[in-house]
Amino acid sequence: MSMKYLILFSLLLSIVGCKTDFSVNGEYEERAVVHFLLDQGQEFHFLKLNKTFLGDGNAYDFALNADSSDFANVNAVVEEFKNGSVIRSWTLEDTIIEIKDSGVFYYPEQKLYFFKANDLDEEAIYRLRIDIENGKHIITGQTELVKGVTINTPTLVTQIGFAEANVPLNGYRSQQIRFTKGTGAIFNAQMDFNYVEQTATGNEVKTINWNLGDIAGSDITTATGNVTAQGELFYQLVSSKVPIADANIIRRYVHSFEIRVTAGSDDLYTYMLVNQPTSSIAQNKPEYSNVEGALGIFSSRLTVSLNKVAFLPPNTRALSQNSTRELCEGQYTFNRGFCSPIPNDNNAVPNSFYCP
């Protein structure tokens, strides 16, 4: 979300030899800033609502105070509208979470508003109404949901392939992530590699997130989009994220892969384009907001995922045998303690990477 309205500088200027002090702050107009994306692939839907602020003093000191950014009295309602009628409505509740990254504004706490619904209707229109401080600000907006996005490749029964049979001779492979774009306008693909780390005290599942990048819908000339996961980059990523195995590590092995594609709406894509960093010296940027009575965005995105467990008997596996061997013995990860407990790998030639 753009921050250009969240910090308005203040300055108290004193003129030597003159008893009159004056402020260069202009007349302050409080404005609300909304960031709210519905996602029918999620159970909880979160609204971030803040206000602009201005004061005589150091703006950074104001930013560290939650009262400078948060409203005290908020009533927010989302309505599901279909065939000319309101089908359902939700009154949002407020909550405090403690996962906000450090920065200019107060952290790690932040106030969010949310409602719970895991069955949003792709054919409905959703309307937002926010009443701040008993009518001081009335904010309205509406959005449709992104729909029709599916992951086509890989499938539950196909293997992820990152390495050939003989990497020094034949090299690495690239895995294609193909998806139907539906009504999405901007897409992000990610892959989580989940592995088990076994020590004397027990087993722990750990995750490495791999952001495969963004792709604009306008760059996809057919109904299907494609993102490439390069095999060598996978092993380099694992090498950078997993420490070299020491005496405490009994073994590490593949747990699962999760592939996610998140599709954003046209409004969201436009909002992202307008608010991306500019290289202009003047720093003049247009405003974009699709809500009335505030700045910001009320729109939608859709997250679809594919979870591939390490092995489904009798012969379905997430990571191919060649790729598993490379994880266990390859140039980047040979000393990370990976091995394979998959029974089929006991018959591999050689089977030096198998561990029962």
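Residues numbered from 1 in each chain as written. Predicted model: local features only at pLDDT ≥ 70, side-chain atom pairs only at ≥ 80, totals over all residues. Heavy atoms only, no water.

Enquirer: Help me understand the overall build of the chain, please; the structure alone is not making it clear to me.
Expert: Along the chain, the regular secondary structure elements total six helices and 19 strands. For the chain, contacts bridging at least 24 residues in sequence account for 67% of all contacts bridging at least 6. Surface exposure of the chain reaches about 18600 Å², of which carbon and sulfur atoms provide 49%. (Helix = DSSP H or I, 4+ residues; strand = E, 2+ residues; numbered from the N terminus. Contact = heavy atoms within 4.5 Å. Areas by Shrake-Rupley, 256 points an atom, 1.4 Å probe, with all protein chains shown as cover.)

Enquirer: Just to check I follow, could you spell out the pattern of salt bridges for this structure?
Expert: Opposite charge on two side chains allows them to pair when their charged atoms are near. Counted by the stated rule, this structure contains 15 salt bridges. For E197, the salt bridge goes to K206, with nearest N and O atoms at 2.9 Å. On the basis of relative accessibility, which here comes to 10%, the residue E197 falls in the buried class. A relative accessible area of 26% means that K206 is categorised as partly exposed. Notably, a salt bridge pairs R252 with E197, separated by 2.8 Å at the nearest N-O pair. Placement of R252 in strand β16 (residues 249–264) and of E197 in strand β13 (residues 186–199) is noted, with a sequence separation of 55 residues between them. The exposure class assigned to R252 is buried, which follows from its relative accessible area of 2%. Through salt bridges with shared partners, one network takes in E30, K51, E133 and K136. (Salt bridge = Lys/Arg side-chain N within 4 Å of Asp/Glu carboxyl O. Buried < 20%, exposed > 50% of the residue type's maximum accessible area, 1.4 Å probe, protein only.)

Enquirer: What am I meant to see in the side chain of S256 here?
Expert: Within the element layout of this structure, S256 appears in strand β16. Given a relative accessible area of 2%, S256 falls into the buried group. A distance of 2.9 Å separates a polar atom in the side chain of S256 from a polar atom in the side chain of H255. Beyond its immediate sequence surroundings of up to four residues, S256 is in contact with D192, F193, N194, N307, K308, V309 and A310. (Polar contact = N/O pair within 3.5 Å; in protein donor to acceptor, adjacent residues only side chain to side chain.)

Enquirer: I'm lost on the state of the cysteines in this one. Help?
Expert: When the sulfur atoms of two cysteines share a covalent bond, that bond is a disulfide. Evaluated as defined, the whole model comprises one disulfide. Between C339 and C355 runs a disulfide, and the two sulfur atoms are separated by 2.0 Å. In this structure the cystine formed by C339 and C355 twists about its S-S bond by roughly 75 degrees; its chirality is therefore right-handed. Here the residue C339 occupies a position in the segment after α6 (321–329), and C355 occupies one in the segment after α6, the gap between them amounting to 16 residues. (Disulfide = S-S within 2.5 Å.)

Enquirer: In this structure, what is going on with the layout of surface pockets? I would like to understand it.
Expert: Over the atoms rolls a probe the size of a water molecule, and its path tells where empty space is left. Considering only enclosed or pocket space, the second largest pocket measures out at about 270 Å³ in volume. Taken together, 14 residues line the second largest pocket, and the ones lying closest to its centre are N188, Q190, D214, T262 and R301. Listed by contribution, the elements that provide at least two residues to the lining of the second largest pocket are β13, β16, α5 (266–275) and β17 (295–309). Of the residues that constitute the lining of the second largest pocket, the class distribution is five nonpolar, five polar and four charged. (1 Å grid on protein atoms, 1.4 Å probe; cavity = no way out; pocket = protein on both sides within 12 Å on 5 of 7 lines; lining within 4 Å. Points joined across faces, edges and corners; volume = space filled by probe spheres on them. Nonpolar A, V, L, I, M, F, W, Y, C, P; charged D, E, K, R; others polar.)

Enquirer: Please explain the packing of aromatic side chains as it appears in this structure.
Expert: For any pair of aromatic rings, the description rests on two quantities: the centre-to-centre distance and the angle between the ring planes. A full pass over the atoms with the stated rule returns 21 aromatic pairs. Here F46 and F114 contribute two aromatic rings whose centre-to-centre distance is 6.0 Å and whose plane-to-plane angle is 40 degrees, an arrangement assigned as tilted. A residue pair is termed long-range when its members are at least 10 positions apart, and F46 in strand β4 (residues 44–51) and F114 in strand β8 (residues 110–116) qualify at 68 residues. Its relative accessible area of 15% is what places F114 among the buried residues. An aromatic cluster is present here, built from F162, Y172, F193, Y195, W210, F234, Y235, F257, Y332 and F338 joined pairwise through their rings. Just above the ring of F81 sits the side chain of R127; from NZ or CZ to the centre is 3.7 Å. (Phe/Tyr/Trp six-rings, centres within 6.5 Å; stacked < 30°, edge-to-face > 60°. Lys NZ or Arg CZ within 6 Å of the ring centre and 35° of its normal.)

Enquirer: What exactly am I supposed to notice about the confidence of the model for the chain here?
Expert: Detailed reading of predicted coordinates is not advised where the pLDDT is low. For the chain, the mean per-residue pLDDT works out to 86, and 82% of the residues sit at or above 70. With pLDDT under 50 throughout, residues 1–26 is counted as low confidence; its partners more than four residues away or in other chains account for 50 contacts. Low confidence marks residues 102–106, where pLDDT is under 50. Its contacts with residues over four positions away, or in another chain, come to 21 contacts. (pLDDT = per-residue confidence, 0-100.)

Enquirer: Sorry if this is basic, but what is going on with empty space enclosed by the protein here?
Expert: Scanning the entire structure with this criterion turns up two cavities of 30 Å³ or more. Looking at the second largest cavity, its volume works out to about 30 Å³. M191, F193, I208, W210, F234 and L237 are the residues that line the second largest cavity. Mapped by element, the contributors of at least two residues to the lining of the second largest cavity are β13, β14 (202–216) and α4 (231–241).

Enquirer: Honestly, the nonpolar core in this entry has me stumped. Any pointers?
Expert: The tendency in soluble globular proteins is for nonpolar side chains to be buried as a group. Core analysis: the biggest nonpolar cluster contains 43 residues, and F162, M191, F193, F257 and V261 have the highest contact counts within it. Taken together, the elements giving at least two residues each to this core come down to β12 (174–180), β13, β14, β15 (224–230), α4, β16, β17 and α6. With residues up to four places along the chain from it excluded, the contact list for F257 reads I160, F162, M191, D192, F193, N194, F234, L306, N307, K308, A318 and L319. Ranked by size, the runner-up nonpolar core spans 26 residues in total, among them L92, Y113, A117 and A294. (Core = buried A, V, L, I, M, F, W, Y, C linked by side-chain atoms within 4.5 Å.)

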